[in-house]
Amino acid sequence: MDAHTASHAGREPAHPTPGLYLKVAVVLFILTAFEVLTFEAGRGGLGPALRPLFEPIVVLVLVVFSGAKFVLVAMFYMHLKQDPRLLANLFAFPLVIAAVIIAALIVLFRYWRMVGAL
Amino acid sequence: MSHAAAPPRPPPPPAEEHPTATGIDNRKLAIWALIGSECLFFASLISTYLVYKGKSLIGPLPHTESQCMLHGKLQTCEGVFEIPLVTFGTAVLLFSSFFVVLALYGAQRGNRKMLIGWLAGTVLSGMFFVGMQVYEFTHFYHKGMGYGTNLFSSTFFTLTGFHGSHVTVGVIWLATLLVLAVRGKIPAEKALNLELAALYWHFVDVVWIVIFPTVYLLR
């Protein structure tokens, strides 16, 4: 029985096991460690030789890793993978608007600075 | 004309048994709607932080040395952030999400020992995170960074302060549930009460997953 059918039957689908929760926690911890190591390498904290390699990719790595962590927590800990799709939509729709707000404000302020309005 | 006495009404069924058009408990739908609205709230704070990033005219600054006013004199200040401390706080907050799903797992199966143990771990982790933030804010203040010192300090304290207040609300909510659990008032059929608090807690966690690299690691 999929999540949609389960919701119409008025029952919650089964949530993951503690073993899967632990695996997710370990992955989250490793991704956070990589984020910090990339930051340190990018600013030369792990040696000057690594700095030119990591400096250009710091932002990309941070965006990808934090996005992966966000998805893992939402899917497995917030149970969006198992729960009815309506709940995922209720979360995803404001998230899209939030991303658009952030992007629009950054672009708008850059434009204002470019034309000298700020 | 006399009327026969009305038969006594049956007691209302527990809230969990109310049928809904969606098949989802109304309280769960409501907490997800709240979380959706909170996404927009934090998006506005994060975007404000980002558009003013690097626009401060005076220090202290997050990562680099700068000129700042300390004790009424213009001095050279170091970058204020302590990345190792905040990384540790981030790890504790991430693990608290793991603890609360285990507490929920125990609650749903009527395992009181598991529920109380992991829920206590979650509350302690949340308290540690709030304590870390209080220490950090106090440390910044002693380094000459008040709320209105510069654009960085205003946007930083607003964003992380609002997140910290959400964590505090979560800790109080979970601590209340812990007291109820100790008193045996969260049986398996009332596990949804913990699930709602856990959803809020995970949301606070995912917001920090975004704030940590955006504020502390982006230079």
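Definitions and cut-offs
- Residues numbered from 1 in each chain as written.
- Chains lettered and ligands numbered in written order.
- Predicted model: local features only at pLDDT ≥ 70, side-chain atom pairs only at ≥ 80, totals over all residues.
- Helix = DSSP H or I, 4+ residues; strand = E, 2+ residues; numbered from the N terminus.
- Expected span 1.5 Å × (residues − 1).
- Buried ≥ 20, exposed ≤ 12 C-beta atoms within 10 Å, placed from the backbone.
- Contact = placed C-beta atoms within 7 Å.
- Nonpolar A, V, L, I, M, F, W, Y, C, P; charged D, E, K, R; others polar.
- Core = buried A, V, L, I, M, F, W, Y, C linked by C-beta atoms within 7 Å.

1. Notes on helix α2 (residues 18–42) of chain A
Three- or four-residue spacings in an α-helix give side chains the same orientation, since the helix completes a turn every 3.6 residues.
All names here are of chain A.
Okay, step 1: Helix length check: α2 (25 residues) gives 36 Å between terminal C-alpha atoms against 36 Å at 1.5 Å per residue, within 8%.
Okay, step 2: Of all the residues in α2, the buried ones are Tyr 21, Val 24, Ala 25, Leu 28, Thr 32, Glu 35, Val 36, Thr 38, Phe 39, Ala 41 and Gly 42.
Okay, step 3: A positive backbone phi angle near 90° is found at Gly 44, which sits one or two residues after α2.

2. Points about the interface of chain A and chain B
Okay, step 1: At the interface, 38 residues of chain A touch 38 residues of chain B.
Okay, step 2: Only α1 (3–8), α2, α4 (58–77) and α5 (85–114) of chain A provide two or more residues apiece to the side of chain A that touches chain B.
Okay, step 3: In the side of chain A that touches chain B, the residues fall into 30 nonpolar, 5 polar and 3 charged.

3. Some words on the nonpolar core
Across soluble globular proteins, nonpolar side chains show a tendency to be buried alongside one another.
Okay, step 1: The biggest cluster of nonpolar side chains holds 74 residues, and the ones touching the most others in it are Ala 103 and Leu 194 of chain B.
Okay, step 2: The set of elements that each furnish at least two residues to this core consists of α2, α4 and α5 of chain A together with α1 (26–51), α2 (83–108), α3 (112–142), α4 (151–182) and α5 (191–217) of chain B.
Okay, step 3: Looking at this core element by element, the count peaks at 19 residues for α5 of chain B.
Okay, step 4: Setting aside chain neighbours within four positions, we find Leu 194 of chain B in contact with Ala 103, Leu 104, Ala 107, Leu 177 and Ile 186 of chain B.

4. Focus: the environment of Lys 81 of chain A
All names here are of chain A.
Okay, step 1: Note on placement: Lys 81 falls in the loop between α4 and α5.
Okay, step 2: Overall, the presence of 15 C-beta atoms within 10 Å leaves Lys 81 in the partly exposed class.
Okay, step 3: Expressed as a C-alpha distance, the spacing of Lys 81 and His 15, which sit 66 residues apart in the sequence, is 9.0 Å.
Okay, step 4: In this view, Lys 81 contacts Met 75 and Phe 76; residues no more than four positions away in its chain are not counted.

Distances and angles like these do not, on their own, reveal function.
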